[in-house]
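Coordinates in review
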Amino acid sequence: MIYNFKEIEEKWQMKWLKEQAYRAQADDTRKKYYLLEMFPYPSGKIHMGHVRNYAIGDVAARFKRLQGYNVMHPMGFDAFGQPAENAAIKNKTKPDTWTHKCIKDMGTELKRMGFSYDWEREVITCDSDYYKWNQWIFLKMFEKSLAYKKASAVNWCSSCQTTLANEEVADGSCWRCHTKVEQKDLEQWYLKITAYKEKLLEDLGQLQEWPQRVLAMQNNWLGKSSGVDIYFGLKDSDKVISVFTTRVDTIFGATYIVLAAEHPLVKDLIKGKPQEKEALKFIDKVAKESKIVRTASDVKKEGVFTGSFAINPVNNEEVPIWIADYVLMEYGTGAIMAVPTHDQRDFLFAKEHKLPMRVVIQPKEQQLKVENLIQAYEGDGVQVNSQEFDGLSNLEAKEKIAAWMEKKGIGKIQTHWRLRDWLISRQRYWGTPIPIIYCSKCGIVPVPYKDLPVELPSEAPFTGEGGSPLGKVKEFVEVKCPKCFGLARRETDTMATFFDSSWYFLRFCSPKFEAAAFDIQEAKYWMRVDQYIGGIEHAILHLLYSRFFTKFFQDLGMIDFSEPFERLLTQGMVLKDGEVMSKSKGNTVDPDSMIKNYGADALRLFILFAAPPETELEWDERGLEGAFKFLNRVWRIHENLKTKAEDIIIKNLHKTIKKVSEDFSAFKFNTAIASLMELTNTIYQHGADKDVFSKLVIMLSPIAPHFAEELWQILGNQESIFKASWPKYDAQLLIEENVELVIQVNGKVRSKIEVPLDISESSLKELVLKDEKLIPWLGNKPPKKFIVVPQKLVNIVI
RNA sequence: GCCGAAGUGGUGGAAUGGCAUACACGUCGGUCUCAAAAACCGAUAAGGGCAACCUUGUAAGGGUUCAACUCCCUUCUUCGGCACCA
């Protein structure tokens, strides 16, 4: 007999919705648990990645409820963004219409999976009652000079026809459409995330429950590097070139310096020099090279001499100044001191252009000589040719030289970062309008708070062909200046959508609150997010921005913590035949058809059983079939319940309760399910009574909620199974009187014996030595050593 | 180059110093059936042996330990992040 999953799942889904079974209310008398999964972009259809992400979250939410926590488990939609615009163009509809239809369709699919969301808290970022607060946050940042406008070379995607943040560029290409990113000079809005760089780095230390790899990625992204800025004077002028180095110990070996082609002093340095023409040609060439070509590591290092000289401030030596393509304006000061003997890039460049070298660090095991060098020596050693620092270890010298230079005023201990401010202007329609007005008299004027929201006009002529579509909406653009009431124009760019998702977890605490972005009291109860679950692809972008916003809200005094997510779980991808499921590869499996064939419960069970949450999961429909068979196997138990279960079953049950409780707490769902399967197998051998079966059903309920709810009702319960409490195990029952000991000889298993739990070591020894199976191994020599691990094993060494 | 994660049967995976391969998939065999499906029961790392058993085995090599998938060192491979980063 097969249980009727279709009927059962529909029935309970309707009931849960009608009764608002998963409504969460703040309650100071109860311990809260805020469980959050990354909300989806409303594409219209859920995919297996969503199913996995949300199945993991739902099990945790339901488990915590059964344990008595007051659980908030909200869901919403990250609804602004380019795909809606593209789809609207394609389907000749409006992004708003298209998006809301997708939200509806996707909501239906999520409901069909039986996820226990509090739908009353649904947040949709493209609705003005949400994005109004994006604008409010932007204005607050503007007030604190954390939002500012700047002209600069920016990343430009010609296919998306918009600018991109540094975080949105991967391998020199647009993260969304993989088009090669170009550089363009534009005036754009930035958020000053760099104001929080130290705190963003330091607070990573708080995040004990985050995966190592995410912490490592954030650390890399922030890219702090400590060193010294050294001031090189010019030979023929009083200008100064500042270079940055992390190897100040090699300063006495600096035989030339190199500037990036874009360095502001370059034009001055070459002016009137015989090399001027050649240098200008080179600068022009570098400017045309794309960043990808320039940063490819196998490219030959090219450069030209400026004709000018600088003075090395530690020894007053004259050193030539070069321009080269391997020095980047974006990093450090855009200028380096070159130490060819101890830096491989400088070495290659010096060889190529026949520049001088000097060894200043001698390794212990060999004697370096400039004429014999075939590569730079980048390791540690002892200082030589370094005046009073000779003889010191270079590590010691590094600190001493830095301090000495600071004292003499020729250098400064300095830190450089990789992190850049966040460019948020997008030349697209479907996003939050930036609440700024440009007045020819008053300049940049923020929209007054009382005028929020700046509504996104419902009609705009977007064609996908570039230029901000809002710029063509006259009624939107033309506005009175809030200060002088003269004619002014609105900003026509919209905000990057990562702005929207940088604080939605706070909005969930009070999604309908009208007086502020969130209700401080509600946030005080619900925040921080106890468990956050989502894909590794957000390891940098979304998680970094959210951490930044949280720190900003803390500075505004609206919250009293600086990190939003206490625990983070990044779930692995779903693969098919070893490859990531994706539309472009055409190897996707539609969750909907799986629900039709096997039910949502079986799908949830399979996806949780097939692999631990963090690792990749290989899709296997036969495995799904197996999960379905298991549910049927459990289902049939209720038809044959005994009045009293045997002791062995009771013991097994309590062992299982212990194991499943521990595994659920640690998000080890695959092994939890394995123990439930083992218990089921034992029940097939020995039978179960109503109590044992009820407990099995409760333990299964977070994974297969409809299935469990139905069985719970069949067992005669009136209330929902999710009002029941998680079973507790009786430690007494887990204590065995006898225990099987493994007997090893020289570490190899040779026998097993059953002994009383509290056997003394001497009587155990006596017993073991009498074991006939051991005779061939022990011979008649006395054992050298006799190791006893209580209740586990004995190892005899001969 | 730097940083991070991983490598275990035919397959997904389990075991974090103490019986390697739990649980499941697949395969094979059996029960039931006119038959099939379903269901139920059993076998299933490799090699050797009629068998009881024995040997080998967790990417490779070495080490620590009575005992190593697990800890340490070296190397290889795969995946991910950063990178002419000074």
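Spatial ordering of the open sheet is given by β2-β1-β26-β27, a layout of four strands whose pairing is parallel. The open sheet terminates on both sides in strands that have one partner only, identified here as β2 (70–72) and β27 (565–571). Across the sheet, the mean angle separating the axes of adjacent strands is 20° when strand polarity is ignored. Pairing geometry for strand β1 (residues 32–37) and β2, over three bridges, is parallel.

In this section: the packing of helix α1 (residues 5–18) against helix α23 (residues 705–714). The contact between α1 and α23 brings their axes to 9 Å, and the two run at 90°. Taken as axis vectors, α1 and α23 run roughly perpendicular relative to one another. Residues I8, E9, K11, W12, Q13 and W16 of α1 form the contact with α23, whose own contacting residues are P705, H706, F707, E709, E710 and Q713.

Time to look at the sheet that holds strand β23 (residues 478–480). Spatially, four strands are ordered β22-β21-β24-β23 in an open sheet, and the strand pairing comes out antiparallel. The sheet is open, and its two borders are formed by β22 (443–446) and β23, each paired with just one other strand. The mean angle between the axes of side-by-side strands here comes to 40°, regardless of whether they run parallel or antiparallel. Where strand β21 (residues 436–439) lies against strand β24 (residues 487–490), three bridges are found, and the strand directions are antiparallel. Across the sheet, Y438 pairs through a bridge with R489, a residue of β24.

Below, the discussion takes up the pairing of strand β14 (residues 317–324). Counting buried positions over the eight residues of β14 gives six, a clear majority of the element. Relative to β14, strand β12 (residues 256–259) runs parallel, the two being bridged by three bridges. Bridge assignment links V258 to a residue of β14, and that residue is W322. Where strand β13 (residues 303–312) lies against β14, seven bridges are found, and the strand directions are antiparallel. What sits directly across from F309, in β14, is P320. If you look at the hairpin formed by β13 and β14, you'll find four residues sitting between the two strands, and N316 has a positive phi there, around 55°.

Reading the values: rules and limits
- Residues numbered from 1 in each chain as written.
- Chains lettered and ligands numbered in written order.
- Predicted model: local features only at pLDDT ≥ 70, side-chain atom pairs only at ≥ 80, totals over all residues.
- Heavy atoms only, no water.
- Pairing = 2+ DSSP bridges.
- Helix = DSSP H or I, 4+ residues; strand = E, 2+ residues; numbered from the N terminus.
- Axes fitted to C-alpha atoms, helices over the stretch in contact; angles between N-to-C directions.
- Parallel < 35°, antiparallel > 145°, perpendicular 65-115°, else oblique.
- Contact = heavy atoms within 4.5 Å.
- Buried < 20%, exposed > 50% of the residue type's maximum accessible area, 1.4 Å probe, protein only.

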